[in-house]
Amino acid sequence: MDPAFLVIQGLNGLASASSLFLIASGLTLVFGVTRIVNFAHGSLTMLGAYAAALLAPLAMASLGKPLGFWTAIAVAAIAVGLLGVLIEIVLLRRIYRAPELFQLLATFALVLIIQDLVILTIGPQDVLGPRAPGLTGFVEIFGRRFPLYELFLIAVGPIVLGLLWLLLTRTRFGILVRAATQDREMVGALGVDQARLFTGTLFLGAFLAGLGGALQIPRAPANTEMDLALIAEAFVVTVIGGMGSVTGAFLAAILIGVLQAYGILIFPEITLVVVFLLMAIVLVVRPYGLLGKPEPIGAGPGAAFALTLRPWTGVENALAILGILALAAAPLLLDAYGVTVATEAVILALVAFSLHLIIGVGGLVSFGHAAWFGLGAYGAALAVKSLSIPMEAALALAPLVAGLGAALFGAFVVRLSGIYLAMLTLAVAQILYAVAFQWVEVTGGDNGIVGVWPADWASGRIVYFYLVLALAGAAILALRRIMYAPFGYALRAARDSALRAEAIGIAVRRTRWLAFALSGAAAGLAGGLWTFLKGAIDPTVLSIPVSVDALAMLLLGGAQTVIGPIVGAGLLHMMEDQTMPLTDYWRLVLGLVLLAIVLLAPRGVVGAIEALREARRDETRAAKGAPP
Amino acid sequence: MSAGTTPLLVVEGLDAAYGRARVLFDVSLEIAAGEVVALMGRNGAGKSTTLKAVLGLVPAKARRLTFLDRSIAGLAPHRIARLGLGWVPEERRIFTELTVAENLEVGRRPAPDGRAPWTPERLFALFPNLAEMRGRRADAMSGGEQQMLAIARTLMGNPSLVLLDEPSEGLAPVIVEQMADAVRAMKQEGIAVLLSEQTAAFAAAVSDRAYGLARGEIRASGTLDAVSAALAV
Ligand SMILES: Nc1ncnc2c1ncn2[C@@H]1O[C@H](COP(=O)(O)OP(=O)(O)O)[C@@H](O)[C@H]1O
Ligand SMILES: [Mg+2]
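Residues numbered from 1 in each chain as written. Chains lettered and ligands numbered in written order. Predicted model: local features only at pLDDT ≥ 70, side-chain atom pairs only at ≥ 80, totals over all residues. Heavy atoms only, no water.

> What should I look at first to understand the overall build of chain A in this one?
The helix and strand tally for chain A stands at 25 helices and four strands. Its C-alpha radius of gyration of 25 Å places chain A within 12% of the 25 Å reference for a compact globule of 628 residues. Dimensions along the principal axes, computed over C-alpha positions, put chain A at roughly 75 × 65 × 50 Å. Buried positions account for 57% of the 628 residues belonging to chain A. The long-range fraction of contacts in chain A, counting pairs at least 24 apart against all pairs at least 6 apart in sequence, stands at 81%. (Helix = DSSP H or I, 4+ residues; strand = E, 2+ residues; numbered from the N terminus. Rg over C-alpha atoms; globule rule 2.2 N^0.38 Å. Buried < 20%, exposed > 50% of the residue type's maximum accessible area, 1.4 Å probe, protein only. Contact = heavy atoms within 4.5 Å.)

> Just checking my understanding: could you explain the site of ligand 1 for this structure?
Residue and element names in this part refer to chain B. Every residue lining ligand 1 is accounted for by Y18, V23, R42, N43, G44, A45, G46, K47, S48 and T49. N43 places a polar side-chain atom, nitrogen or oxygen, 3.2 Å from an oxygen atom of ligand 1. Side-chain polar atom of T49 to an oxygen atom of ligand 1: 2.4 Å apart, as the coordinates give it. Contact with the protein chains covers 58% of the free accessible surface of ligand 1, which is 550 Å². The element contributing the most residues to the shell around ligand 1 is helix 1 (residues 47–54), with three residues. Its residues assigned to classes, the shell around ligand 1 comprises three nonpolar, five polar and two charged. (Near = heavy atom within 4 Å. Polar contact = N/O pair within 3.5 Å; in protein donor to acceptor, adjacent residues only side chain to side chain. Areas by Shrake-Rupley, 256 points an atom, 1.4 Å probe, with all protein chains shown as cover. Nonpolar A, V, L, I, M, F, W, Y, C, P; charged D, E, K, R; others polar.)

> I tried to follow the coordination of the magnesium ion (ligand 2) on my own but got confused; where do I start?
Six octahedrally arranged donors around a metal ideally form angles of 90 or 180 degrees; four tetrahedrally arranged donors ideally form angles of 109.5 degrees. Residues and elements named next belong to chain B. Protein-derived coordination of the magnesium ion (ligand 2) comes from S48 (OG) and E90 (OE), at a distance range of 2.0 to 2.3 Å. Of this pair, S48 sits in helix 1 while E90 is found in the loop between strand 7 (85–88) and helix 3 (100–107), placing the two residues 42 residues apart along the sequence. Overall, S48 belongs to the buried group, its relative accessible area being 16%. (Donors = N, O, S within 2.8 Å, 3.2 Å for Na, K, Ca; no water.)

> Where do I start with the nonpolar core in this structure?
Buried together is how nonpolar side chains tend to be arranged in soluble globular proteins. Residues F21, F108 and F367 of chain A together with L161 of chain B are the most contacted members of the largest nonpolar core, which totals 242 residues. Shared between two domains, this core holds at least three residues of each, these being domain 1 (17–223) and domain 2 (303–538) of chain A. Aside from chain neighbours lying at most four places away, what touches F108 of chain A is F39, L228, F367, I544, V548 and L594 of chain A. Core analysis: the next-biggest nonpolar cluster, separate from the first, contains 42 residues, M40, L155, L171 and V176 of chain B among them. (Core = buried A, V, L, I, M, F, W, Y, C linked by side-chain atoms within 4.5 Å. Domains from an automatic or database assignment.)

> Honestly, the interface of chain B and chain A in this entry has me stumped. Any pointers?
The extent of an interface is frequently quoted as the accessible surface area lost upon association of the parts. In this assembly, 22 residues from chain B lie in contact with 19 residues from chain A. Surface buried jointly by chain B and chain A totals about 1900 Å² across both partners, of which 55% is contributed by carbon and sulfur atoms. If you sort the residues of chain B by the area they bury against chain A, R93, F95 and V106 of chain B come out on top, with a joint share of 28%. Across the pair R93 of chain B and D183 of chain A runs a salt bridge, and its minimum N-O distance is 2.8 Å. Summed over the shared surface of chain B and chain A, the result is nine residue pairs in polar contact (both at pLDDT 80 or more). (Buried area = accessible area lost by both parts, 1.4 Å probe. Salt bridge = Lys/Arg side-chain N within 4 Å of Asp/Glu carboxyl O.)

> Got a minute to help me understand the environment of F516 of chain A in this structure?
All names here are of chain A. Within the secondary structure, F516 sits in helix 21 (residues 508–534). Residues F516 and G403, 113 residues apart in the sequence, show an inter-C-alpha distance of 8.3 Å. Sequence-distant contacts of F516, that is, excluding residues within four places in its chain, are made with I358, W372, A406, F409, G410, V414 and T425.

> For this particular structure, what's the right way to read the sheet that holds strand 11 (residues 217–222) of chain B?
Note: strands within a sheet are paired through backbone hydrogen bonds, in either parallel or antiparallel orientation. Residue and element names in this part refer to chain B. Overall, mixed pairing links the six strands, which are arranged 7-8-9-3-10-11 in an open sheet. Looking at which strands have only one partner, the edges of the open sheet turn out to be strand 7 and strand 11. Recorded for the sheet is a direction-independent mean angle of 20 degrees between the axes of neighbouring strands. In the sheet, strand 10 (residues 209–214) pairs with strand 11 via five bridges, with the strands oriented antiparallel. Bridged to L213 within strand 11 is I218. Its contacts with the sheet place helix 9 (residues 224–232) against strand 3 (36–40), strand 10 and strand 11, and it is angled at close to 15 degrees to strand 10. (Pairing = 2+ DSSP bridges. Axes fitted to C-alpha atoms, helices over the stretch in contact; angles between N-to-C directions.)

> What exactly am I supposed to notice about the domain arrangement of chain A here?
All names here are of chain A. Segmentation of chain A into domains returns domain 1 (17–223) and domain 2 (303–538). On a C-alpha basis, the centres of domain 1 and domain 2 stand 36 Å from each other. Opposite the nine residues of domain 1 that make contact, domain 2 presents ten residues. Contact between domain 1 and domain 2 buries roughly 950 Å² in total, counting both sides, with carbon and sulfur atoms accounting for 92%. Where domain 1 meets domain 2, there are zero salt bridges.

> I tried to follow a nonpolar patch on the surface on my own but got confused; where do I start?
Residue and element names in this part refer to chain A. A cluster of nonpolar side chains, namely L332, L333, L334, I462 and Y466, defines an oily patch on the protein surface of about 530 Å² accessible area. Of all the elements in the fold, those that place two or more residues in the nonpolar patch are helix 12 (314–333) and helix 18 (461–484). Within the secondary structure, L333 sits in helix 12. Residue classification places L333 among the exposed positions, given a relative accessible area of 70%. (Patch = residues over 30% accessible without salt bridge, like charges linked within 9 Å, V, L, I, M, F, W, Y side chains within 5 Å.)

> Please clarify how the side chain of D116 of chain A should be interpreted in this entry.
Residue and element names in this part refer to chain A. For D116, the position within the fold is in helix 4 (residues 100–121). Of the residues examined, D116 reaches a relative accessible area of 1% and is grouped as buried. Residues within four places of D116 in sequence aside, it is in contact with D584, Y585, W586, R587 and L588.

> Can you help me understand the packing of helix 2 (residues 41–63) of chain A against helix 4 of chain A in this one?
In a packed pair of helices, the relevant descriptors are the angle between the two axes and the axis-to-axis distance. Residues and elements named next belong to chain A. At a minimum axis distance of 10 Å, the contact between helix 2 and helix 4 shows a crossing angle of 20 degrees. Comparing their axes, helix 4 and helix 2 come out roughly parallel. Seen from above, helix 2 lies across helix 4 with left-handed handedness. Where helix 2 abuts helix 4, its residues S43, M46, L47 and Y50 lie against V111, I114, Q115 and V118. When grouped by side-chain class, the residues that make up the contact of helix 2 with helix 4 number six nonpolar, two polar and no charged. (Parallel < 35°, antiparallel > 145°, perpendicular 65-115°, else oblique. Left-handed = near helix turned anticlockwise from the far one by under 90°.)

> Explain a positive patch on the surface here, please?
On the surface, a cluster of positive charge is made up of R196 of chain A together with R70, R79 and R82 of chain B. Looking at where R70 of chain B falls in the secondary structure, it is placed in strand 6 (residues 70–71). The partly exposed category is assigned to R70 of chain B, whose relative accessible area is 45%. (Lys, Arg positive; Asp, Glu negative; His and termini not counted. Charge placed at Lys NZ, Arg CZ, Asp CG, Glu CD.)

> I would appreciate a short explanation of helix 23 (residues 564–582) of chain A in the present structure.
For the α-helix, the turn length of 3.6 residues means that residues three or four positions removed from each other point alike. Its 19 residues give helix 23 of chain A an end-to-end C-alpha distance of 27 Å, which sits within 8% of 27 Å, the value for a rise of 1.5 Å per residue. Within helix 23 of chain A, the full set of buried residues consists of G564, P565, G568, A569, L572, H573, E576, D577 and T579 of chain A. (Expected span 1.5 Å × (residues − 1).)

> I keep staring at the packing of aromatic side chains and nothing clicks. Help me out?
Here the distance between the centres and the angle between the planes together describe a pair of aromatic rings. Residue and element names in this part refer to chain A. Here the structure, examined in full by the defined rule, presents 16 aromatic pairs over all chains. Measuring from ring centre to ring centre gives 5.3 Å for F39 and F235, while their planes differ by 55 degrees; the resulting arrangement is tilted. Of the two residues, F39 is situated in the loop between helix 1 (3–34) and helix 2 and F235 in helix 9 (residues 226–241); the sequence distance between them amounts to 196 residues. Residues F465 and Y466 carry aromatic rings whose centres are separated by 5.5 Å and whose planes lie at 70 degrees to one another, so their mutual orientation is edge-to-face. (Phe/Tyr/Trp six-rings, centres within 6.5 Å; stacked < 30°, edge-to-face > 60°.)

> Would you take a moment to explain the packing of helix 22 (residues 544–557) of chain A against helix 23 of chain A for this structure?
Residues and elements named next belong to chain A. Contact geometry of helix 22 with helix 23 gives a least axis separation of 7 Å together with a crossing angle of 115 degrees. The element helix 22 and its partner helix 23 pack so that their crossing is right-handed. Only G564, P565, G568, A569, L571, L572 and E576 of helix 23 make contact with helix 22, whose side of the interface consists of D549, A552, M553, L554, L556 and G557. A per-class count over the contact of helix 22 with helix 23 returns eight nonpolar, three polar and two charged.

Here it is as structure tokens:
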């Protein structure tokens, strides 16, 4: 290969690395001080890009070209920084002590809300910004033309790193940030107002995110997909660099930027796989990232998600049987559309229930359950389309493919603690999403795979409903059995205290790994069933909203109970089915619902009912004068 | 009240618990300006919890909890600290990623009412060992040096009362002697100290009087000898 070309490619990688570093450094700083992984960080970058792209033409018209352009960049970054302050004061302050899964969900709710607000106010179309005045030209490097602006970006990374270093070592604010990253409580006990420190940190983090976005506009238009694409990459960078380490983020950004630039030459269609491989290697060698500290970050999803098992009462058994009977009779009571919705709800119940195994029982936070659902869906669709195997075999293959995928990924990540796991599961789902999108020859890209219909005998709506009910029902019952079996007990013991579980002879990692694979397989079966229901699939089955829906179902129903996720699946699906046709802004609605659950009803619907029952039981006890 | 002055810190009927496990039962004590008071008790008696409860770091309830005649019950720890209440935790909790000078900077707060503030220079005079390491990262320090840094860091906040949790624990005799000097120096500056200790040796060298804590209850108060005798049975 032409060596000049390789150099240019490396420079391209460094330019991307700079942008990536700006975004990741803000994320890692905010995490270090507040211990909150801010999902909305990518959304802040997106807002920075929009703000700059919209402002720059106006500012350049009134202030003159260069001054106007750079003013617009600065104003955009500062405005986003102030938005970060607002987010800290209004939302984050209420959830600093909440379980980490709630923190993730609350900030994810912001992602949904911001996305719809952008579409509502600016519109869904891309916004192209102006090119940077004075930096529109090219330089010649080894006889090849290289854009000046890219060269400028390459310099921005180290400059920002240097400025951050000065800020962190030479100012009181910076010293407090570093101290708080290590021990927040001690900093407070020395008289430092944490609220102000956190607000200041959010400003800094959001400012960096906004700056990263604003500096993108001469390269690429602002668009509504940036937020999730960027946050997944930023997660990978911060995890590889070590959570809370700015220098680590810099190194990781360079590694990833350069690897991707050369990865394009090797696997042009699936560059993100290279990123995944790098992540896997780093995590095997250094589980806490390049410059991270081996400290236990995040204890797990928290008690609100911990399933507590108790034998069902007679009434509950009767209710469960009634529920099953009602489902079985559903096709007789519903119209054709209703049957389809019911079929979807049953499939989603399996998705939520499979997630329940790892979160509620295993205490492992997964934010990327869509990965296994999607793997099953694509596995089934590809089996039918490319291998021409029948539906029955494809449905058997779906859980196998997803289970293997989950087992492979799980082998790298199950030893990690809560936050890392959440971030990496999200990242893997995003990577698979990107692969499905990019690898057009195999996956059909954006259009997906069409014409995957059930076998003739199962093609009737009602027959297919019963097929789904039988398979998903069997899988749910099997998972429920597992929860009550010794394996489920071991999983719960490991969740409550990994150390104690090890002490009584439970192989914690292997138990968790197996649960991860089983859960993935069950989600994969759901994905396969979904494919034949829809007759077609596209990359959205792998998208983050699918993962979040599964989490929302778990939360809405209440993850402390066995039945909660199933109730939640029914409720959420009905709700989405009702609101989606009414409003284009269902993301906004879902975001607000998520915020409401996290802030107002953390135990979910079934949890609330349980709490009521407990209260009543305590009352009767008190009335009888028995000890509590 | 040995000095007969108005009390600086008043704790009356303090109860504290970790989750469901109750740890402190009706603890009451008082400290006047400038006195050094020992809080004696075995491992697990509740000494550290008492200090943390005063600072608002563990959930607690008290009939009365005042500092400088102001109720500090329910106040955020940083607000309590800003009133002039310093805390040196048992685990020291030095910021190991920061240099010695930076550790001191984190503790810096303005001095109240025209008192001459503590500066790194004055503290380096008190702890000469620290002076040589000011630019060094704190994770390269010995246990004794970390203990000195922890005290110096708290003094940078110009407190009028320091809650000093087992300063002599696990230190070599030479270093313990330096700690005693430091406590005496604090007393000389008019700083009151509430000192938690398991053994009488260090407390005897520096304290004016003592309280005895066992299983979360105050069992004795008065002279150190009397308190030690009461706790021994
Ligand atoms: N974080 C904690 N969680 C639960 N129990 C604790 C915690 N810290 C201390 N305890 C318990 O509270 C009691 C008092 O502890 P502590 O105040 O540390 O005693 P001391 O400082 O006198 O050794 C002990 O029984 C100890 O086990
Ligand atoms: Mg103690």
